[in-house]
Amino acid sequence: MTKAYPAPSGFSTEEWQYFMKHGYILKPDVLDQDTCNHYCQLIDEVAARSKHFQADKHFTQSNAVTTHKDFEAFIDRASHIGYVYDMYGELSKVHLSQFMRRPKGTWRNFWHPDGPRALPYQVFSPELPLQMKVAYWLTDLPETDMGNLVILPGSHRQQYMQGYDTHDHIEGEMSVCVKRGTMMIMHASTWHKVAENKTDHIRRNIFLTYSPAWICPEDRFSNDETWLASLNREQRILMRSYPDYPYANAKPPAQDFPLFLDRHTGNDRDTDCYREHVELHRRKRLTFHEKLALQK
Ligand SMILES: O=C(O)CCC(=O)C(=O)O
């Protein structure tokens, strides 16, 4: 059996503080030009195979990681999976994987937070996100009105917002203007909308959303067994495909632990918490943010 390895690096303390205050962080130059070119081309190829595809209309592909071998690498990509692990630890799960094409004009999202609307996550989790979105921007977005994501920084603590279900301009809104190759991580309760694309440049990007395993996924009930068997161990665990026993999402099987070892100690468990006989899959392990809070 493949052995677990230490979690890749994640939030610095400064990044965490910025993320919790503003609801997002941006990291430029995470993907190089060749990688951006490759994925732009792949998005066009895979999109063109869909019966829903129209070159001049907005196109979203869900469960994108299953559509081409090269998208699988995003399930556990080292550039972001450590951030996810810092948030959701041993119960991290891919909630949704998507790629998008946003040409001129065409459909765009109204202001909304991600997740449930009638009973938002925020009611139960006023601080920590129960979904986090990882965006890889594959095309340059130097200006607004290029089909940009527009966010209201710091709005992840509010359940109501004047602009809900409109495209209204809201005081304090920020159009995400970035160089291609930038990675963004967003708290799912941050209110956001999409700007009109008034240019001839097609916005292309990849979104991965993660959640604790016990939140239902957005784009699948389960995954094909043959496909799952072709993935590496971490990817297979992160897809959390438990068709025979839904409650395994809350209590995954023993073989799915540890997802990662502690990145500093290399341990698969926290010490001095339980008596020896308690098995690994029944042990709570502290997340990055819990450890940070304990240091205060
Ligand atoms: O395409 C975007 O920038 C954001 C789309 C959106 O609002 C969402 O995925 O929730």
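Keep in mind that this is a model prediction, so the values were computed, not measured.

Q: Hey, could you run me through the pairing of strand β3 (residues 92–102) in this one?
A: In regular strands, side chains alternate between the two faces of the sheet. Counting buried positions along β3 yields 11 of 11 residues, so the element is predominantly enclosed. As judged from the 4 bridges shared by strand β2 (residues 59–62) and β3, these two strands associate in the antiparallel manner. Note on β3: the bridge partner recorded for Q61 is F99. Inspection of the sheet shows β3 paired to strand β9 (residues 203–212) by 10 bridges, in the antiparallel sense. Its bridge partner lying in β9, S92 is registered against P212.

Q: Help me out: how do you make sense of helix α1 (residues 13–22) in this one?
A: Given 3.6 residues per helical turn, the α-helix brings residues three or four places apart onto the same face. If you check which residues of α1 are buried, you get E15, W16, F19 and M20. Taken around the axis of α1, the buried residues stretch over an arc of 125°, which confines them to a single face. Exposed side chains of α1 directed beyond 90 degrees from the buried face belong to E14 and K21. Positive phi appears at G23, one or two residues downstream of α1, with a value of about 90°.

Q: Please clarify how the environment of A248 should be interpreted in this entry.
A: Summarising the element assignment, A248 is placed in the loop between α7 (233–239) and α8 (288–295). Overall, the relative accessible area of 5% leaves A248 in the buried class. Between the C-alpha atoms of A248 and A213, which are 35 residues apart in sequence, the distance is 8.7 Å. With residues up to four places along the chain from it excluded, the contact list for A248 reads Y242 and P253.

Q: Looking at this model, I keep getting lost on the site of the ligand. Mind explaining?
A: Surveying the vicinity of the ligand reveals the residues M100, R102, N109, H112, D114, K133, L149, H192, V194, R203 and F207. For the ligand, whose unbound accessible area comes to 290 Å², protein coverage reaches 94%. Looking at the shell around the ligand, the elements with two or more residues in it are β3, β8 (192–194) and β9. Looking at the shell around the ligand residue by residue, the class counts come to 4 nonpolar, 3 polar and 4 charged.

Q: Is there a simple way to think about the sheet that holds β9 in this case?
A: Think of a sheet as strands paired side by side through backbone hydrogen bonds, with each pair either parallel or antiparallel. Read from one edge of the open sheet, 6 strands run β1-β7-β4-β9-β3-β2, paired in antiparallel fashion. The sheet is open, and its two borders are formed by β1 (24–27) and β2, each paired with just one other strand. In this sheet, adjacent strand axes meet at a mean angle of 20° when their direction is disregarded. Packed on one face of the sheet, α1 meets β1 and β7 (183–187) and runs near 130° to β1. Sheet strands touched by helix α2 (residues 33–48): β2, β3, β4 (132–137) and β9. Its angle to β3, the strand with the most contacts, is close to 80°.

Q: Sorry, what's going on with the sheet that holds strand β6 (residues 174–175) here?
A: If you walk across this open sheet you meet the 3 strands as β6-β5-β8, and the pairing is antiparallel. With partners counted over all chains shown, the strands left at the sheet margins are β6 and β8, one partner each. Pairing analysis gives 3 bridges linking strand β5 (residues 149–151) to β8, with the strands arranged antiparallel. Paired with I151 across the bridge in β8 is H192.

Q: Sorry if this is basic, but what is going on with the environment of A229 here?
A: Within the fold, A229 resides in helix α6 (residues 225–229). A relative accessible area of 64% means that A229 is categorised as exposed. Distance from A229 to P129, taken between C-alpha atoms, is 30 Å for residues 100 residues apart in sequence.

Q: What is the right way to read the packing of aromatic side chains from this model?
A: Any aromatic ring pair is given by two values, namely how distant the centres are and how the planes are angled relative to each other. If you walk through the whole model with that rule in mind, you get 18 aromatic pairs. When the ring of W16 is compared with that of F288, the centres are 5.7 Å apart and the planes differ by 80°; the resulting orientation is edge-to-face. Note that W16 is positioned in helix α1 and F288 in helix α8, a separation of 272 residues in sequence. One exposure class covers both W16 and F288, and it is buried. Summarising the aromatic geometry, the rings of Y85 and F260 are spaced 5.2 Å apart at their centres and angled 85° between planes, so their arrangement reads as edge-to-face. One end of the pair, Y85, is in helix α4 (residues 78–88); the other, F260, is in the loop between α7 and α8, and 175 residues separate them in sequence. Assessed through its relative accessible area of 10%, Y85 is described here as buried. Residue classification places F260 among the buried residues on the basis of a relative accessible area of 0%.

Rules of the game
- Residues numbered from 1 in each chain as written.
- Predicted model: local features only at pLDDT ≥ 70, side-chain atom pairs only at ≥ 80, totals over all residues.
- Heavy atoms only, no water.
- Buried < 20%, exposed > 50% of the residue type's maximum accessible area, 1.4 Å probe, protein only.
- Helix = DSSP H or I, 4+ residues; strand = E, 2+ residues; numbered from the N terminus.
- Pairing = 2+ DSSP bridges.
- Arc of directions from axis to C-beta.
- Contact = heavy atoms within 4.5 Å.
- Near = heavy atom within 4 Å.
- Areas by Shrake-Rupley, 256 points an atom, 1.4 Å probe, with all protein chains shown as cover.
- Nonpolar A, V, L, I, M, F, W, Y, C, P; charged D, E, K, R; others polar.
- Axes fitted to C-alpha atoms, helices over the stretch in contact; angles between N-to-C directions.
- Phe/Tyr/Trp six-rings, centres within 6.5 Å; stacked < 30°, edge-to-face > 60°.

Any functional reading would require information that these geometric values do not contain.
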